[in-house]
Amino acid sequence: MPPRAEIEALLPLKPVALQILLSLAEGERHGYAITMDIQGRTSARMRIEPGNLYRALKTMLDDGLIEESERRPAPDLDDERRRYYRITPRGRRAAAAEIARLEAVVAEAKARKWIRAR
Amino acid sequence: MDPRAVGLYRRLLRLFPAAFRHRFGDDMADLFADRLREAETRGRLATAGFWAWTLADVSAQAWLERRADPHRPLSRRLRMRHVWDDVLAAVRAHVRRPGFASAAVVMLALGLGFNTALFAVVKIVLLTPLPFPNPDRLVMLWTGRNPDGTGGVNSYADLVTWRERSQSFDALATYNISFMTLVRDGDAEEIHGSVVSPEFFRVLGARFAYGRGIEAGDENITFEQGRPIVLSYALWTRRFNADPALLNHTIMLGARLRRVVGITSPGFIHPEPFWDADAQYWVPMPVTDQMRTAHGNRYLRVIGRLKAGVPIARARTEMDGIGHQLMTEHPDSNRASVVVDRLQDDLVGDTKSIALLFLGASSLVLCLGIANIVNLLLAQVSRRRAEFAIRSALGASHLRVTSQIVIESTLVAIVGGLVGLGLARLMIQAIVAEAPSNILGLTRTAIDGGVIAFTIALSTATGLLCGMLPAWRVARARLGTSLGGTRMSAGLEVSRTRTWLVAAELALALPLLVGTGLLAESLVHLQRVDLGFDPSHAIQFRVTVDGDRYATSEADIAFFDELARRLRAIPGVTSAGAVSSLPLGGLNNTGGSIVYRQPDGSEATLSVGMRSTTAGYFPSLGIPVRRGRLFSMAADDTNTIVINDAAAARMFGELDPLGRQIRFGQAGVADKKSPWLTVIGVVGSDRHERVSTPPNPEVFQPYQSNTWGTMTVVAGTDGDPATLAPAVRRTMHDLDPRLAVVNLAPVSTFFEGQLERPKFGAEAAALLAGVGLVLAAFGIFAVLSLLVTQRTREIGIRMALGSTRARIGALLVRESMWPVAAGCLVGGLGAAALARALGSELFGVTATDPMTFAAAIATLVVTAMLAVWRPARRAMGVNPIAALRAE
């Protein structure tokens, strides 16, 4: 279990990184699937071009938030050529920490009545 | 999907660091292909947008990735530290070799100084817009062109037609020179201004500090009612203490009342400086019926504002058409079409081409400086091979070794640029003090932020340029091999480059010399021109007789009569007279046409200069009487006229002009007001307008028949005319203290004034050429002496094999003359181009004058010979044994 401070040091995560983690939380995916998923969830508000995506992936790999997967999903969904990525426990913790951080920000904003509490 | 798209994308991916590309490149290309396919289903626009996004993504991310790459050699900060270290090292290197550094600084400071000064001039004269709204829409309209390229003045009748028929202009205004005497607090002063049509201030978009401009109807207000006048802000502050209460009050000018209706805003200037000064007032132009119909009565300037969006070319075509219509309708008076110039171009005149030529010449001097520095640096590179090799062996990258050289040269250049700025300040002071004063804005030339930025940029570029070739040499040389020692003959290739530098320097210097030679020769010709009168023994001043005492012609005549009598009484004055327009005096507003009878009896018209003179004028200026007699008070000279040589030759050829009759006006047009006049005398012709233009036909009327308000009084002297100035002024004051004595000065000042510009040009060129020649000589000497040093061994062998000293000397001279010959050839072509560009500045000498070219080439060859002499003599004294041991 990585120490809490180590996770804290990664925060705040870049929006792209958080979106990738959220996407991978549902299962292993390759680059194209990640972008399609993110675009779908954010109603295309977040566009991810290859350069941006792979640079983010590289940083996340270096930081140990994700890893390349040797396992393949169901054969009919498989695409031989592509690398699949999956989230690491460290990645889950970082995503949770980031979401908690964002929640704190939202709570603060609500307390100050910047946004309406629902 | 086009398969080439993925190929292109892969190529783009090279922007990323190799490691990143190897790891993710394939995946990225796949992803790209998927996305592209998807985009293509959404149409062309989406595809184009996708490509734009992709380009932005790749370049931005690649840049970010590279910046974050921990494996790249140096961080930014570390690299900056290296540069700083190199700068310090360069300073230390220069301190160690103060000779090179100071020589380089001086050579570059000269070139950069010249360029800075001339850039400052060009900037103010050519790049600063005129102080009017939308100045690019302001144009001057002229009738034909004078031989010197300036526009010809216009008639009011023509202007009326132009206004009726043209479509291109918002408005056309006309104006003319005016001057009046302002008497205030017992002090008479002549002030200069302009008579303007009501459109004048509107055309210029003038603003007023108080009141208004001249408007339509102003010219019909009588003097008793107070005819309107607009004062310049400068006059209002200077003579009326900036008193706002002056507005709508009347002031006395001459003998006439004028009502002040407006004061211009401080920034407003007249579009043309008269007599080196800005206009101080503006008054309405009265229009007579005669002005509306006399197409040949030309003395007006016309300024117009183009309608918004109308290009000047369209106005030109239109006005040329109207001009040709007028030429058909009035063949007697209209011989030339209409010319449309931009106001800016007219004001700048040929200053533009001259300023650019000199900027070109000073860049040649800068190039000579650069060539010398390159030369010195190349010599240093050969000498410092070991140093560079050691640094390289200790792990310095190629880039650092070469960048050191470039940093050193840039440092020198920037210091040179700073010194050059100081030099430029001195030069600009000289230009402002010496340069002809009638060039717009020249006196405002100064070193400002823009000029400093230019100098810094030019210095930096110069420094980089200087360092480039030597740095490239070092980079190409295998430094590692140089550690073993420095063989003398190793620099042979460097030497060859430097030999061609000699040729380049000569090619740069030759145009400078030729240009100077041509300008100097023109100046000598101008100084020796026969003006047709003697300017050295006469003093002159201008006077305007107005005021209640001079209400009649008789009073005017009596005044000039009495003045001449009193002037002649001054010891040292031999004669005295008056003329309406003094030769070279800058006042040539008295032209017109006369009618004469040709041998076959038919009438013909001739354009002439018309002067009103008293009899004493001709002897006072030393103008000879060729035939007949001058006017005299004794005879009745009411219907007589004196003409000059040029007029006699044009009208009557070889026939005797005496007793023949001429009249003012147009052939075939009867005019009862212009009676036939009898020619009673012929005088020598003088150059009236410019020293460089041949005399024009002129006719002289006796003052009694044509009294002018403003006359130039001339007194001939037997000694230095300048010493008589106080006596002349006293005489005038005694006669009438209320009349202003204007521009009291020897007549020679006008002649000298006209030579100001060619003199200044020749001097400036001589300075540039002198500096250029010294730089070239320095360069040639440096190259050749090093060449000889490097060939010491070869010379030793030759001598050991029995060659004589004389032969060695001859060999060296012969070999060094090859680049000299090549340089002269290329330089000669450059010089020919420059001489052609000088064109209108030349007088009495052709642009291809063989003597000038020969002299310039001879100067260079002799300089080269002198430069080669010392090294050659040293070579001849070489001891063969010592030479062979030298390696």
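Since this is a predicted model, take the numbers as computed values, not measurements.

### With respect to the interface of chain B and chain A
When the parts of a complex come together, some accessible area is lost, and that lost area is often used as the size of the interface.
No. 1: With 19 residues of chain B at the contact, the number on the chain A side is 21 residues.
No. 2: The contact between chain B and chain A buries some 2100 Å² in all, and 50% of this surface belongs to carbon and sulfur atoms.
No. 3: Of all residues in chain B, the largest losses of buried area upon contact with chain A belong to R23, L31 and R35 of chain B, amounting jointly to 29% of the total for that side.
No. 4: Across the pair D27 of chain B and R83 of chain A runs a salt bridge whose closest N-O atoms are separated by 3.5 Å.
No. 5: The set of elements that each furnish at least two residues to the side of chain B that touches chain A consists of α2 (18–40) and α3 (44–68) of chain B.
No. 6: Among the elements that take part in the side of chain B that touches chain A, α2 of chain B stands out by supplying eleven residues, more than any other.
No. 7: Class assignment of the residues belonging to the side of chain B that touches chain A gives a composition of ten nonpolar, one polar and eight charged.

### Topic: the nonpolar core
What tends to happen in soluble globular proteins is that the nonpolar side chains get buried as a cluster.
No. 1: Judged by nonpolar contacts, the single largest core of 80 residues is most densely connected at L108 and L512 of chain B.
No. 2: Those elements that provide at least two residues to this core are α5 (98–127), α12 (351–383), α14 (398–434), α15 (449–476), α16 (492–528), α21 (748–790), α23 (805–838) and α24 (850–876) of chain B.
No. 3: When residues of this core are assigned to their parent elements, the largest contribution, 17 residues, is made by α12 of chain B.
No. 4: When neighbours within four sequence positions are excluded, L108 of chain B is seen to be in contact with G113, L366, G369, I370, I373, V412, A413 and T462 of chain B.
No. 5: One finds L11, L21 and A95 of chain A together with Y9 of chain B within the second-largest nonpolar core, a separate group that totals 45 residues.

### Concerning the packing of aromatic side chains
Residues and elements named next belong to chain B.
No. 1: All told, the structure shown has 22 aromatic pairs over all chains when counted by the stated rule.
No. 2: Summarising the aromatic geometry, the rings of Y175 and F200 are spaced 5.7 Å apart at their centres and angled 70° between planes, so their arrangement reads as edge-to-face. Placement of the pair is Y175 in strand β3 (residues 169–184) and F200 in helix α7 (residues 200–204), with a sequence separation of 25 residues. Of the two residues, Y175 and F200, neither departs from the other in class, the shared state being buried.
No. 3: Plain terms: the ring middles of Y617 and F700 are 6.5 Å apart, the flat faces sit at 35° to each other, and that makes the pair tilted. One end of the pair, Y617, is in helix α18 (residues 617–621); the other, F700, is in strand β20 (residues 698–702), with 83 residues separating them in the sequence. Neither residue differs from the other here; Y617 and F700 are each classed as buried.
No. 4: Members of the aromatic cluster, connected to one another through ring pairs, are F132, Y175, F200, F201, F208, F268 and W282.
No. 5: The ring of F223 has R227 sitting right over it, with the charged end atom 4.4 Å from the ring centre.

### Let's talk about the confidence of the model for chain B
Residue and element names in this part refer to chain B.
No. 1: Put simply, chain B has an average pLDDT of 83, and 91% of its residues get 70 or more.
No. 2: Residue range residues 71–75 is modelled with pLDDT below 50. Its contacts to residues more than four positions away, or to other chains, number five contacts.
No. 3: Counted against residues more than four places away or in other chains, residues 482–491, with its pLDDT under 50, gives eleven contacts.
No. 4: Across the assembled chains, the prediction reports ipTM 0.80 with pTM 0.65.

### Quick notes on a nonpolar patch on the surface
Residues and elements named next belong to chain A.
No. 1: Where nonpolar side chains cluster on the molecular surface, the patch consists of V106, W114 and I115 and spans about 330 Å² of accessible area.
No. 2: Secondary-structure assignment places V106 in helix α5 (residues 89–111).
No. 3: On the basis of relative accessibility, which here comes to 37%, the residue V106 falls in the partly exposed class.

### Brief notes about the packing of helix α3 (residues 31–41) of chain A against helix α4 (residues 50–63) of chain A
All names here are of chain A.
No. 1: With their axes 11 Å apart at the nearest point, α3 and α4 run at an angle of 110° to one another. In terms of their interaxial angle, α3 and α4 are classed as roughly perpendicular. Counted together, G31, I34 and T35 of α3 and L53, Y54 and L57 of α4 form the full contact between these two elements.
No. 2: Of the residues contributing to the contact of α3 with α4, the split by class is four nonpolar, two polar and no charged.

### Concerning the pattern of salt bridges
No. 1: Per the counting criterion, the structure on display carries 34 salt bridges over all chains.
No. 2: The closest approach of N and O atoms between D170 of chain B and R137 of chain B, which form a salt bridge, is 3.0 Å. Of this pair, D170 of chain B sits in strand β3 while R137 of chain B sits in the loop between α5 and β1 (138–143); the two residues are 33 residues apart in sequence, bridging distant segments of the chain.
No. 3: We classify D170 of chain B as partly exposed; its relative accessible area is 44%.
No. 4: A relative accessible area of 18% places R137 of chain B in the buried class.
No. 5: A salt bridge links D341 of chain B to R145 of chain B, with the nearest nitrogen and oxygen atoms 2.9 Å apart. Within this pair, whereas D341 of chain B is found in strand β11 (residues 338–342), its partner R145 of chain B is found in the loop between β1 and β2 (154–155), the two being separated by 196 residues in sequence.
No. 6: Where salt bridges share partners, they join E26, R29, D37 and R41 of chain A into one cluster.

### Let's talk about α5 of chain A
Residues and elements named next belong to chain A.
No. 1: A rise of 1.5 Å per residue sets the reference length of α5, with its 23 residues, at 33 Å; its end C-alpha atoms lie 33 Å apart and thus fit the reference within 8%.
No. 2: Listed as buried for α5 are R90, G91, A94, A95, A97, E98 and A109.
No. 3: In this structure, the buried residues of α5 make contact with α1 (4–8), α2 (15–25), α4 and β3 (84–87).
No. 4: K113 occupies a position one or two residues after α5 and carries a positive phi of about 60°.

### Structural notes on the packing of helix α6 (residues 156–165) of chain B against helix α10 (residues 312–329) of chain B
Residue and element names in this part refer to chain B.
No. 1: Across the interface, α6 lies against α10 with an axial gap of 11 Å and an inter-helix angle of 130°. Here α6 is positioned oblique relative to α10, judged by the angle of their axes. Crossing angle aside, the handedness with which α6 passes α10 is right-handed. The segment α6 lies against α10, with D158, T161, W162 and R165 engaging E318, M319, I322, Q325, L326 and E329.
No. 2: Here the residues of the contact of α6 with α10 are counted per class, giving four nonpolar, two polar and four charged.

### So, the sheet that holds strand β2 (residues 66–69) of chain A
Residue and element names in this part refer to chain A.
No. 1: Taken in spatial order, the three strands of this open sheet run β1-β3-β2, and their pairing is antiparallel. Because the sheet does not close on itself, it has two edges, and the strands there are β1 (29–30) and β2.
No. 2: Taken strand by strand, α4 contacts β2 and β3, and its axis lies near 105° from that of β2.

### A few points about the state of the cysteines
Residues and elements named next belong to chain B.
No. 1: Here the structure, examined in full by the defined rule, presents zero disulfides over all chains.
No. 2: For C367, which is in no disulfide, the shortest distance to another cysteine sulfur is to C466 and amounts to 9.9 Å.
No. 3: The class of C367 is partly exposed, set by a relative accessible area of 34%.

### Looking at the environment of L53 of chain A
No. 1: Locating L53 of chain A in the fold gives a position in helix α4.
No. 2: The sequence separation of L53 of chain A and V16 of chain A amounts to 37 residues, and the corresponding C-alpha distance is 7.8 Å.
No. 3: In this structure L53 of chain A touches I20, G31, I34, T35 and I48 of chain A together with L31 of chain B, once residues within four positions along its chain are discounted.

Calculation notes
Residues numbered from 1 in each chain as written. Chains lettered and ligands numbered in written order. Predicted model: local features only at pLDDT ≥ 70, side-chain atom pairs only at ≥ 80, totals over all residues. Heavy atoms only, no water. Contact = heavy atoms within 4.5 Å. Buried area = accessible area lost by both parts, 1.4 Å probe. Salt bridge = Lys/Arg side-chain N within 4 Å of Asp/Glu carboxyl O. Helix = DSSP H or I, 4+ residues; strand = E, 2+ residues; numbered from the N terminus. Nonpolar A, V, L, I, M, F, W, Y, C, P; charged D, E, K, R; others polar. Core = buried A, V, L, I, M, F, W, Y, C linked by side-chain atoms within 4.5 Å. Buried < 20%, exposed > 50% of the residue type's maximum accessible area, 1.4 Å probe, protein only. Phe/Tyr/Trp six-rings, centres within 6.5 Å; stacked < 30°, edge-to-face > 60°. Lys NZ or Arg CZ within 6 Å of the ring centre and 35° of its normal. pLDDT = per-residue confidence, 0-100. Patch = residues over 30% accessible without salt bridge, like charges linked within 9 Å, V, L, I, M, F, W, Y side chains within 5 Å. Areas by Shrake-Rupley, 256 points an atom, 1.4 Å probe, with all protein chains shown as cover. Axes fitted to C-alpha atoms, helices over the stretch in contact; angles between N-to-C directions. Parallel < 35°, antiparallel > 145°, perpendicular 65-115°, else oblique. Expected span 1.5 Å × (residues − 1). Left-handed = near helix turned anticlockwise from the far one by under 90°. Pairing = 2+ DSSP bridges. Disulfide = S-S within 2.5 Å.

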